[in-house]
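# What the coordinates show
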Amino acid sequence: MSTAVIAVPKRRRFRLGAIAPYLQAMPLGLVLAVFLVIPILTIVIVSFWDYDSVQIYPDFLFTNYIDLLTSQVTWKTYLNTIKYAVLVWLFTLVIGFTVAYFVAFHVKSATAQMALFLICTIPFLTSNIIRMISWIPFLGRNGILNQALQGIGVTDQPLEFLLFSDFSVILTFVYLYAQFMVVPIFNSMMRIDRNLIEAARDGGASGFQTLVNVIIPLTKSGILIGTIFVVTLVMGDFITVRLMSGGQSASVGLMIANEISLLQYPAAAANAVVLLIIVLLMVAAMLRVVDIRKEL
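Here the residue numbers are simple positions, counted from 1 along each chain's written sequence. For this predicted model, a pLDDT threshold of at least 70 governs which residues receive local features, and a threshold of 80 or more governs which side-chain atom pairs are given and counted, while totals over whole chains, interfaces and linings are taken from all residues. The side-chain values count all of the structure's non-hydrogen atoms but skip hydrogen atoms and water molecules.

### Structural notes on the overall build of the protein chain
Working definition: helices are DSSP H or I runs of at least four residues, strands are E runs of at least two. Numbering for both runs from the N terminus. Scanning the protein chain from N- to C-terminus turns up 16 helices and 2 strands. Radius of gyration: over C-alpha atoms. The globule rule applied is 2.2 Å multiplied by the number of residues raised to the 0.38 power. What you see for the protein chain is a C-alpha radius of gyration of 26 Å, clearly larger than the 19 Å of a compact globule of 296 residues, by over 25%. Based on the C-alpha atoms only, the size of the protein chain along its principal axes is roughly 100 × 70 × 35 Å. When the 296 residues of the protein chain are sorted by exposure, 34% land in the buried category. In what follows, a contact means two residues having at least one pair of non-hydrogen atoms within 4.5 Å. Within the protein chain, counting contacts between residues at least 6 apart in sequence, those at least 24 apart form 70% of the total. Burial classes: relative accessible area under 20% of the type maximum marks a residue as buried, over 50% as exposed, and values in between as partly exposed (1.4 Å probe, protein chains only).

### A few points about the packing of aromatic side chains
Note on aromatic contacts: the rings of Phe and Tyr and the six-membered ring of Trp form a pair at centre separations within 6.5 Å, being stacked when their planes are under 30 degrees apart, edge-to-face when over 60 apart, and tilted otherwise. Scanning the entire structure with this criterion turns up 13 aromatic pairs. Look at Phe48 and Phe60: their rings are 4.9 Å apart centre to centre, the planes differ by 20°, and that puts the pair in the stacked class. Of this pair, Phe48 sits in the loop between helix H1 (2–46) and strand S1 (50–51) while Phe60 sits in the loop between strand S2 (56–57) and helix H2 (63–69), placing them 12 residues apart in sequence. Relative accessible area serves as the criterion here: at 15%, Phe48 is assigned to the buried category. Taking the relative accessible area as the measure of exposure, Phe60 reaches 53% and is therefore exposed. Ring geometry for Phe161 against Phe167: centres 5.4 Å apart, planes inclined by 75°, an arrangement best described as edge-to-face. By relative accessible area, Phe161 is classed as partly exposed at 45%.

### Brief notes about the side chain of Asn64
With respect to the element layout, Asn64 can be found in helix H2. Taking relative accessible area as the criterion, Asn64 reaches 7% and is therefore assigned buried. Among residues more than four places away in sequence, those in contact with Asn64 are Ser47, Phe48, Trp49, Tyr51, Pro266, Ala267 and Ala270.

### Here we look at the packing of helix H10 (residues 194–202) against helix H11 (residues 207–218)
The description of two packed helices rests on the angle between their axes and on the distance between the axes. Look at H10 against H11: their axes get within 10 Å of each other, and the N-to-C directions meet at 165°. The orientation of H10 relative to H11 falls into the category roughly antiparallel. Here H10 runs over H11; the crossing is right-handed. Packed against H10, whose contacting residues are Leu196, Ile197, Ala200 and Arg201, the element H11 presents Thr210, Val214, Ile215 and Leu218 at the interface. Residues that form the contact of H10 with H11 fall into these classes: 6 nonpolar, 1 polar and 1 charged. Axis definition: a line fitted to C-alpha atoms, over the contacting stretch in the case of helices. Angles run 0 to 180 degrees between N-to-C directions. In these notes the angle categories are as follows: under 35 degrees is roughly parallel, over 145 is roughly antiparallel, 65 to 115 is roughly perpendicular, and the rest is oblique. Handedness of each helix crossing follows the sense of rotation of the near helix against the far helix: counterclockwise by less than a right angle gives left-handed, clockwise gives right-handed. Any residue that is not Ala, Val, Leu, Ile, Met, Phe, Trp, Tyr, Cys, Pro, Asp, Glu, Lys or Arg is counted as polar, Gly included; the first ten are nonpolar and the last four charged.

### Regarding a nonpolar patch on the surface
What goes into a patch is any residue over 30% in relative accessible area without a salt bridge, connected to like charges within 9 Å or, for nonpolar side chains (Val, Leu, Ile, Met, Phe, Trp, Tyr), within 5 Å. Note on areas: Shrake-Rupley, 1.4 Å probe, and residue coverage restricted to the protein chains presented here. Definition used for salt bridges: Asp or Glu carboxyl oxygen within 4 Å of a side-chain nitrogen of Lys or Arg. Taken together, the side chains of Leu28, Val31, Leu32, Val34, Phe35, Leu36, Val37, Ile38, Ile40, Leu41, Leu276 and Leu280 present a nonpolar region at the surface, about 1,100 Å² in accessible area. Those elements that provide at least two residues to the nonpolar patch are H1 and helix H15 (265–289). We classify Leu276 as partly exposed; its relative accessible area is 36%.

### As for the UniProt feature "domain: ABC transmembrane type-1" (unreviewed entry) in the protein chain
UniProt positions are given in the numbering used here, feature names are shortened, and annotations may be inferred rather than shown by experiment. The residues that UniProt annotates with the feature "domain: ABC transmembrane type-1" (unreviewed entry) are residues 78–286. When the span residues 78–286 is considered, its composition is 76% helix and 0% strand, and the gap between its end C-alpha atoms is 19 Å.

### Comments concerning the packing of helix H3 (residues 72–105) against H11
Closest axis-to-axis distance for the H3/H11 pair is 13 Å, and the angle between their directions is 90°. One way to sum up the angle between H3 and H11 is to call them roughly perpendicular. Contacts between H3 and H11 involve Phe97, Tyr101 and Phe105 from the first element and Leu211, Ile215 and Ile216 from the second.

### Topic: helix H12 (residues 220–236)
With 17 residues, H12 extends 24 Å from end C-alpha to end C-alpha; this agrees with the ideal 24 Å at 1.5 Å per step. Listed in full, the buried residues belonging to H12 are Ser221, Gly222, Ile223, Leu224, Gly226, Thr227, Val230, Val231, Val234 and Met235. Multiplying 1.5 Å by the helix residue count minus one yields the expected span of that helix.

### Description of the UniProt feature "transmembrane region" (unreviewed entry) in the protein chain
Mapped onto the present numbering, the UniProt feature "transmembrane region" (unreviewed entry) falls at residues 21–49, 84–104, 116–136, 167–186 and 265–290. Secondary structure within residues 21–49 divides into 90% helix and 0% strand; the distance between the first and last C-alpha atoms comes to 39 Å.

Printed below as a string of structure tokens:
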């Protein structure tokens, strides 16, 4: 009798232990399904529908993808978006690595490090659009920068390329998204064992050799995370290109926004699917270079 009484709870504990991980993951799985999987599937389904100037028709056509992939304007827009992503990534990487290196290795006080991070974070308390628009009076034809350059005799007339150009778009992107590169690189640098740096110096390595052979390899995970943040944000952005280029440049996000405003939802959905595939391929290529799971 005693044996039978003990065996039943054991079987129950075994069953609960088997399904416990699934029960724990179920809330997160439901959230991902409702807010990620279902919306993406909806976009994919709508991308095969037909439409006219006033209505969309449920169907299964490849017309939207054919029109997208055979249009030279679309190819130029995608290439322009990739150009923005690459340039912004390059500038944010240089700025982010430099700032993170200074704060991690040259600022010894934790209080000073926190203060510097707060200074970098304060602009994020305001809207991206407000911070973006603030560049217009600074870069404008009669703006602060042009007046200063003319006042000190650097130029005789206002510089036209400062605003409503690719220069202003990339500058604003870098300003908006540099912090997304600084933080993960800084976190990676703070986890580096300082004894490794001391050992490199004791072994006769110069500062540059220590940087190249010790610090950069050990911050690959932070660089990769920052790269994913910056590239995905730039690839999907549309308001920055619209405002800072003055309508003279285009991006995939802006093209999708224009199609939505014209009620061309299937075409916009097809563009969104292609953009998603491109971004996922870029992220997959990055993960092939750096195995983030091992690095973290």
